[in-house]
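What the coordinates show
One-letter residues, chain by chain:
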Amino acid sequence: MSEISIILIEDHDLTRMGLRAALQAHSALKVIGEAANATQGLKLLETAKPDVAVVDIGLPDMDGIELTRKFKRYQAETGQTGTKILILTMDHTEDAVLAAFAAGADSYYMKETSISKLTDAIQATHGGNSWIDPAIANVVLRKMRQGIPGESQGSDKTPKTVKIEALASEYEQVLETYPLTQRELEILELIVAGCSNGQIAEKLYITVGTVKTHVRNILNKLCADDRTQAAVRALRSGLVA
């Protein structure tokens, strides 16, 4: 497998140096450039053509969301669509999350998450799957059915969708062999709605222990690591409308 080329657009020197050192330690990743502000970052994006750009939102001359919007416009004009944008931030407010995706960001990563997860996020983003930090996943899940506000204002009139880990063929085969029961589908809908185990138990008049058993079965059948991933896969696969 060839290395994934990366550029870092981050204004804090120590943070940037730490990111570079951590990513370079991964054999499948290669940092090919760095920028300390958005102006330099845009130029580097256009010339270096990396596979993935890790972009901080809080840049001094232009925020990372505006940088992403400008670069995506450049990509549309030139046809150079190979580079994916992974937003790096401490901001998990709904406005920031939705603005980032409306601008064209491919993934959204919270800074306090471990560096090992960042390598996972970069690899997923490079592979064409949006990596959405669990801390903000509920915001995206809540808006997926409604569409992201502001997208119609762009030059591209085609509706934009947020792609989030669609079910791979092997997962579909698992579901064909071990389909979800009606009760599991009911619980999955409530998971997608953001209900806790206690709330699910109350709504369905069953015990929390029973809910936990059903949730464990759902995760196994969807080959999901956690509830957020299960909810995303349920939406992407059409199990939950």
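Going by an unreviewed UniProt entry, the protein carries the name DNA-binding response regulator and comes from Nostoc cf. commune SO-36.

On to the packing of helix α1 (residues 13-24) against helix α5 (residues 115-126), then. Where α1 meets α5, the axes come as close as 10 Å, and the angle between the chain directions of the two elements is 70°. Relative to α5, α1 is oriented roughly perpendicular. Counted together, L19, A22 and L23 of α1 and I115, L118, T119 and I122 of α5 form the full contact between these two elements. Residues that form the contact of α1 with α5 fall into these classes: 6 nonpolar, 1 polar and no charged.

Okay, helix α4 (residues 94-103) next. Those residues of α4 that sit buried are A96, V97, L98, A100, F101 and A103. Residue G104 follows α4 closely and has a positive phi angle near 115°.

This brings us to the side chain of D106. By the element assignment, D106 lies in the loop between α4 and β5 (107-110). Reaching out from D106, the side chain makes a polar contact with the backbone nitrogen of I85 at a distance of 2.7 Å. Non-local contacts of D106, meaning those with residues more than four positions away in its chain, are made with K72, T83, K84, I85, F101, T125, S130 and W131.

In this fold, E94 is placed in helix α4. Under the relative-accessibility criterion, E94 is labelled partly exposed at 30%. Spatially, the C-alpha atoms of E94 and I136 are 8.0 Å apart, while their sequence positions differ by 42 residues.

Attention now moves to the packing of aromatic side chains. Evaluation of the coordinates by the stated rule reveals 3 aromatic pairs. Between F101 and Y108, the ring centres sit 6.2 Å apart and the planes meet at 35°, which makes this aromatic pair tilted. Per residue, the accessibility class of F101 equals that of Y108, and both read buried. Between Y109 and W131, the ring centres sit 5.4 Å apart and the planes meet at 45°, which makes this aromatic pair tilted.

We now examine the packing of helix α8 (residues 182-192) against helix α9 (residues 197-204). Direction vectors running N to C along α8 and α9 enclose 130°, while the axes themselves pass 10 Å from each other. Judged by the angle between their axes, α8 and α9 are oblique. In the crossing of α8 with α9, the sense of the turn from one axis to the other is right-handed. When α8 is examined against α9, the residues R183, E186, I187, L190 and I191 are found in contact with a partner set consisting of I200, K203 and L204. The residue makeup of the contact of α8 with α9, split by class, is 5 nonpolar, no polar and 3 charged.

Chain-level pLDDT for the protein is 80 on average; 80% of the residues reach the 70-or-more range. Across the protein, the secondary-structure element scoring lowest on mean pLDDT is helix α7 (residues 169-177), at 50, and the one scoring highest is strand β1 (residues 4-9), at 97. For the stretch residues 147-171, pLDDT sits under 50, and the model shows 39 contacts to residues farther than four places along the chain or on other chains.

This brings us to the nonpolar core. Within the largest apolar cluster, 28 residues are counted, with the highest numbers of intra-cluster contacts made by I9, L45, V55, L67, I85, I87 and Y108. Secondary structure elements with two or more residues in this core: β1, α2 (38-48), β3 (52-56), α3 (64-78), β4 (84-89), α4 and β5. Residue contributions to this core peak at 5 residues, all from α4.

Rules and cut-offs
- Each chain has its residues counted from 1, running along the sequence as written.
- Local features are withheld for residues below a pLDDT of 70 in this predicted model, meaning they are given only at 70 or higher, and side-chain atom pairs are given and counted only at 80 or more; totals for whole chains, interfaces and linings count all residues.
- Note: side-chain values were computed over all heavy atoms of the structure, leaving out hydrogens and water.
- Lines fitted to C-alpha atoms define the axes here, with helix axes fitted over just the stretch in contact, and angles between the N-to-C directions of these axes take values from 0 to 180 degrees.
- A run of DSSP states H or I qualifies as a helix once it reaches four residues; a run of E qualifies as a strand once it reaches two. Both are numbered from the N-terminal end.
- By definition in this entry, angles of less than 35 degrees are roughly parallel, angles greater than 145 are roughly antiparallel, angles of 65 to 115 are roughly perpendicular, and the rest are oblique.
- The contact rule is simple, with two residues in contact once any of their heavy atoms fall within 4.5 Å.
- Three categories are distinguished: nonpolar for Ala, Val, Leu, Ile, Met, Phe, Trp, Tyr, Cys and Pro, charged for Asp, Glu, Lys and Arg, and polar for the others, with Gly belonging to the last.
- Only protein chains enter the area calculation, which uses a 1.4 Å probe; residues under 20% of their type maximum are buried, those over 50% are exposed, and those in between are partly exposed.
- Under the rule applied, a polar contact is a pair of N or O atoms within 3.5 Å (in protein, one hydrogen donor and one hydrogen acceptor; residues adjacent in sequence only if both atoms are side-chain atoms).
- Each aromatic pair joins two rings of Phe, Tyr and Trp (for Trp, the six-membered one) with centres within 6.5 Å, and gets the label stacked for planes under 30 degrees apart, edge-to-face for over 60, and tilted for any other angle.
- Helix crossings fall into two classes, left-handed where the near helix is turned counterclockwise from the far one by less than a right angle and right-handed where it is turned clockwise.
- Per residue, pLDDT measures the predictor's confidence, with a range of 0 to 100.
- As used in this record, nonpolar core signifies buried Ala, Val, Leu, Ile, Met, Phe, Trp, Tyr and Cys residues forming a set joined through side-chain atoms within 4.5 Å.

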